[in-house]
Amino acid sequence: MNEVFDTIIVGAGAAGLTAGIYASRAKLSTLILNEGAVGGQMVLTEEIANYPGVPTTKGYMLANNMKMQAKSFGCKIKSNVKIAKYDLDGDIKTIELEDGRTFQGRSVILTPGGRPRSLNIEGEDQFKGKGISYCATCDGDFFTGKEVVVVGGGNSALEEAVALTNFATKVTIVHQFDQFQAFKHAVEEAEKNPKIEFVMESELRGFYGNGSLQKVSIEHLPTGQRSELTTDGTFIFIGYQPNTEDLKEVIELNNRNEIVVDADMRTSVKGVFAAGDCINKRYRQVTTAVADGTIAALSASDYLRN
């Protein structure tokens, strides 16, 4: 007969590992099921310099420390698994893997994370964390005194471009249309900033460099003409995609496919909680994911106690 865990956590990013730490330390029998590498987006981050109390560290090192801490309290972690089916109704929740194994829990914390939308062009994978970033708050300081490119035309792209001018000497915004999709005030703020230049009706076609990013290829869409722009970094802001594709029929999602939660990280299903980059929220940082995971674990513990 299968063990029934007090809580099953889906995902081992910052939110999931934090939930695992808090739940297992509270003496709840805890299992983390993780489809990819333990650490989530942290593993893809070359350096983390704004995690409180921790000097600049490698993302994979912070992830590994969280993993070892969770395991030290008795949390079990199963990685490289693929979930086939969720049955979250009732007092006992069941999660079935593609290999046929099933796991049961009295509560579930969903932390599948998310991912920035990629351009999917030449060199993008090669220079992630080596000049290409998807987070100005995380990495802006690394480009102090340098020139950078921002890709996108929505509110996030323009607001982050303005924020980057606090560090960079020049910010070039590349946008595929002849006008922006952002709110008027965001456009006006970017247009009046002397450090910002605009390349409209254009798309990036490739990233190039030797070890780190040094230049990008840009195509002017109306003419098809290509040019190269020397740059120290590129920030891509074309949207964010939560990893909730297999949860659409299971839990309430909003129109951005984010899991809808309340302040205590409770979802639309009793006994099911969610945390991290998959939920309806504005800011996505390691620290906010850690906070979400803490709240979700405490809420799950309270649910089980009552």
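Residues numbered from 1 in each chain as written. Predicted model: local features only at pLDDT ≥ 70, side-chain atom pairs only at ≥ 80, totals over all residues. Heavy atoms only, no water.

Undergrad: How do you make sense of the sheet that holds strand β5 (residues 83-87) when you look at a structure like this?
TA: Whether parallel or antiparallel, the strands of a sheet pair through hydrogen bonds between backbone atoms. The 4 strands are arranged β1-β7-β6-β5 in an open sheet whose pairing can be described as mixed. Sheet topology places β1 (4-5) and β5 at the edges, where each strand pairs with a single neighbour. Relative to strand β6 (residues 93-97), β5 runs antiparallel, the two sharing 4 bridges. Bridged to Ile83 within β6 is Leu97. (Pairing = 2+ DSSP bridges. Helix = DSSP H or I, 4+ residues; strand = E, 2+ residues; numbered from the N terminus.)

Undergrad: When you look at the environment of Phe103 in this model, what are you seeing that I'm missing?
TA: Here Phe103 shows up in strand β7 (residues 102-105). Here the alpha-carbon distance between Phe103 and Ile259, two residues 156 residues apart in the chain, equals 22 Å. With near-sequence residues (within four places) excluded, Phe103 lies in contact with Phe5, Ile8, Leu31, Leu33, Lys78, Lys93, Thr94, Ile95 and Leu97. (Contact = heavy atoms within 4.5 Å.)

Undergrad: Looking at this model, I keep getting lost on the environment of Met61. Mind explaining?
TA: By the element assignment, Met61 lies in helix α2 (residues 59-72). Given a relative accessible area of 39%, Met61 falls into the partly exposed group. Spatially, the C-alpha atoms of Met61 and Val43 are 8.1 Å apart, while their sequence positions differ by 18 residues. (Buried < 20%, exposed > 50% of the residue type's maximum accessible area, 1.4 Å probe, protein only.)

Undergrad: In this structure, what is going on with the packing of aromatic side chains? I would like to understand it.
TA: The description of an aromatic ring pair uses the distance of the two centres, along with the angle that the planes make with each other. Considering all chains together, one arrives at 4 aromatic pairs under this definition. Aromatic pair Phe235 and Phe237: ring centres 6.3 Å apart, planes at 20°, arrangement stacked. (Phe/Tyr/Trp six-rings, centres within 6.5 Å; stacked < 30°, edge-to-face > 60°.)

Undergrad: Could you clarify how one ought to interpret the side chain of Ser299 in this entry?
TA: When you line up the elements, Ser299 lands in helix α7 (residues 286-305). Separated by 2.8 Å, the side chain of Ser299 and the backbone oxygen of Asp264 make a polar contact. The contact partners of Ser299, leaving out residues within four places of it in the chain, are Asp264 and Phe273. (Polar contact = N/O pair within 3.5 Å; in protein donor to acceptor, adjacent residues only side chain to side chain.)

Undergrad: I would appreciate a short explanation of the sheet that holds strand β13 (residues 196-199) in the present structure.
TA: Strand order in the open sheet formed by 5 strands is β10-β17-β11-β12-β13, with parallel pairing between adjacent strands. The open sheet is flanked by β10 (132-133) and β13, the only strands paired with a single partner. Strands in contact with helix α5 (residues 155-164) are β11 (147-151), β12 (170-174), β13 and β17 (233-236); relative to β11, the strand with the most contacts, it is inclined by about 170°. (Axes fitted to C-alpha atoms, helices over the stretch in contact; angles between N-to-C directions.)

All we've got here are geometric facts, nothing functional implied.
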